[in-house]
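# Remarks on the overall topology
Take a look at the letters that make up each chain.
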Number of protein chains: 2
Amino acid sequence: MPRDTLTRDQIVHTAVALLDAEGLEGLNMRALGKRLDSAATAVYWHVKNKDNLVLLATDQVWGELELPDLDAVDWRTATTAMAVDLYGMFTRHPWLVQAFAAHVLYGEGKARHDDHSLAVYEAAGFTRDQADQAASAVFTYVLGNAAGVAATASLTRKLTRDDTAAEEQFQDAMAKAQEIAMRYPHLRARLETPAAATYAAAPDQAFEVGLQILLDGLEQQVAA
Amino acid sequence: MPRDTLTRDQIVHTAVALLDAEGLEGLNMRALGKRLDSAATAVYWHVKNKDNLVLLATDQVWGELELPDLDAVDWRTATTAMAVDLYGMFTRHPWLVQAFAAHVLYGEGKARHDDHSLAVYEAAGFTRDQADQAASAVFTYVLGNAAGVAATASLTRKLTRDDTAAEEQFQDAMAKAQEIAMRYPHLRARLETPAAATYAAAPDQAFEVGLQILLDGLEQQVAA
DNA sequence: GCAGTGTCTTGCACAAAGTTCAAGATAGCT
DNA sequence: AGCTATCTTGAACTTTGTGCAAGACACTGC
């Protein structure tokens with residue numbers, strides 16, 4: 001064993017931690033080096049470049065997912081569990097969404113997840129095309145939700161860090177948003193009612209309800 | 001009129017063009033300056049910073065959307081049209097997705113769109129909460145689809161530009177992806193059949209079918 | 001016509017960040 | 001003990017965002 005040498009695994013792990021804490025634009029090689037107690041450039045021996053590092057981090061994170069037992073539960077329970085789990089992954093690692101929008105990321109983790117999805121749908125009586133469609137639609141829906149979460153996370157990070165200037169900029173944006181919303185009748189109605197905080201304030205709940213609606217649609221399809 | 005001065009509008013327009021052509025990471029102030037035939041830093045007189053510029057570009061692009069006449073068509077036709085239009089916007093400007101995942105973007109354009117969505121659903125008999133939920137779910141679904149499109153667009157750009165190194169890297173990734181897929185039975189089955197090109201090759205079609213499924217779910221909800 | 005002022009543009013410069021490279025350090029092998 | 005393969009380091013180059021001071025231009029009032 002060479003002295004106290006870096007590992008690719010250790011680097012990826014640290015990168016994930018950094019990404020979680022600082023977001024995609026907060027990841028930089030020098031900061032990573034500092035966390036690893038090594039020169040920034042030492043990383044380049046183990047990893048081709050930054051893009052590649054993000055890709056490895058993505059693969060790593062997919063490993064967190066648990067796949068439900070196919071025989072133990074009905075398909076809606078199973079797909080709901082998978083979708084919620086996926087959503088959780090994105091929530092824990094908001095930078096993932098940006099990574100997904102920026103590069104085509106297909107690796108072991110996604111393959112494992114997709115395969116299991118397809119298995120669930122096919123076991124439930126979906127044709128192969130229907131299963132494809134269902135898996136794709138659900139993943140897409142989760143990803144879309146995750147984008148909202150990621151945006152919010154980025155904002156939150158900015159606000160908790162340099163509360164000096166960012167705070168008032170935020171207040172400004174909020175005020176402007178409100179002013180805009182007031183000019184549109186349906187949005188206005190929502191602002192003017194106590195129950196205003198419906199879905200905007202509870203993205204997780206909106207996600208789950210929407211998911212069930214989507215699954216309703218899928219169920220209807222397979223029943224026909 | 002001062003000589004040949006820059007306009008904020010002109011800058012934003014050019015920025016959109018550059019973003020469309022080069023993607024989010026292809027937008028830089030010096031390139032923008034070159035397109036505008038001015039110094040890169042001249043932009044800073046009209047725009048606070050790069051983030052702000054992207055935000056303005058986003059607003060600009062929302063203006064492209066057409067809103068269907070509420071009385072002319074039934075709600076499914078209307079929402080389908082809106083969703084497809086939205087999807088088109090994301091397809092034409094893939095960088096939008098990344099922008100949406102990176103910042104909370106709420107402006108005139110989104111407000112206008114949201115308001116009209118809500119109007120459609122409420123006119124169709126959805127309760128207010130149901131309308132909220134429906135609008136959110138559909139937008140989210142479109143955004144998720146757009147993420148896939150954006151990723152592909154970024155890849156395509158990379159491939160058409162420096163075909164030298166990127167090409168073989170791409171082939172490499174494809175080969176690896178295939179190798180992975182072969183280890184998972186359901187994915188493998190899809191690779192081994194002529195009909196393999198189902199949804200992976202036709203994202204637009206998958207989008208529309210999935211959208212209808214989601215709308216089925218929503219319809220069921222309002223009928224109950 | 002001319003000085004003055006407000007509006008915009010430019011060039012310079014700096015800092016942050018990705019990446020390369022040559023040189024150094026270390027562990028194991030002979 | 002020396003050689004080599006494996007890593008680490010520091011310096012350096014490049015790209016990119018952005019601040020700043022100085023300049024250029026048009027329009028005003030005299």
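Residues numbered from 1 in each chain as written. Chains lettered and ligands numbered in written order. Predicted model: local features only at pLDDT ≥ 70, side-chain atom pairs only at ≥ 80, totals over all residues. Heavy atoms only, no water.

So, on to the interface of chain B and chain A. At the junction of the two partners, chain B supplies 62 residues and chain A supplies 62 residues. Buried surface at the junction of chain B and chain A, summed over both partners, amounts to about 5100 Å²; 58% is from carbon and sulfur atoms. One salt bridge connects Arg183 of chain B with Glu108 of chain A, and the closest N-O pair in it is separated by 2.4 Å. Elements with a contribution of two residues or more to the side of chain B that touches chain A: helix H6 (95-102), helix H7 (108-123), helix H8 (128-161), helix H9 (165-182), helix H10 (185-191) and helix H11 (203-223) of chain B. It is H8 of chain B that contributes the most residues to the side of chain B that touches chain A, 19 residues altogether. Among the residues forming the side of chain B that touches chain A, the class breakdown is 30 nonpolar, 18 polar and 14 charged. (Contact = heavy atoms within 4.5 Å. Buried area = accessible area lost by both parts, 1.4 Å probe. Salt bridge = Lys/Arg side-chain N within 4 Å of Asp/Glu carboxyl O. Helix = DSSP H or I, 4+ residues; strand = E, 2+ residues; numbered from the N terminus. Nonpolar A, V, L, I, M, F, W, Y, C, P; charged D, E, K, R; others polar.)

Neighbouring DNA strand D are 20 residues; Thr5 and Leu6 of chain A together with Met29, Arg30 and Lys50 of chain B lie closest to it. Restricting the count to atoms of DNA strand D within 4 Å of the protein gives a sugar and phosphate share of 57%. Separating a base oxygen of DNA strand D from a side-chain N or O atom of Thr41 of chain A is a distance of 2.9 Å. The contact in question runs from a phosphate oxygen of DNA strand D to an N or O atom on the side chain of His46 of chain A, over 2.8 Å. Classifying every residue of the surface near DNA strand D gives nine nonpolar, seven polar and four charged. (Near = heavy atom within 4 Å. Polar contact = N/O pair within 3.5 Å; in protein donor to acceptor, adjacent residues only side chain to side chain.)

Taken together, the neighbourhood of DNA strand C is formed by 21 residues, with Arg30 and Lys50 of chain A together with Leu6, Ala39 and His46 of chain B sitting nearest. Sugar and phosphate atoms form 57% of the subset of DNA strand C atoms that lie within 4 Å of the protein. In this structure, a phosphate oxygen belonging to DNA strand C sits 2.7 Å away from a main-chain N or O atom of Leu6 of chain B. Contact distances for DNA strand C include 2.7 Å between a phosphate oxygen and a backbone N or O atom of Ala39 of chain B. Of all elements in the fold, only helix H2 (29-36) of chain A together with helix H3 (43-46) of chain B reach the threshold of two or more residues within the surface near DNA strand C. Its residues placed into classes, the surface near DNA strand C shows nine nonpolar, seven polar and five charged.

Structural measurements only, silent on function.
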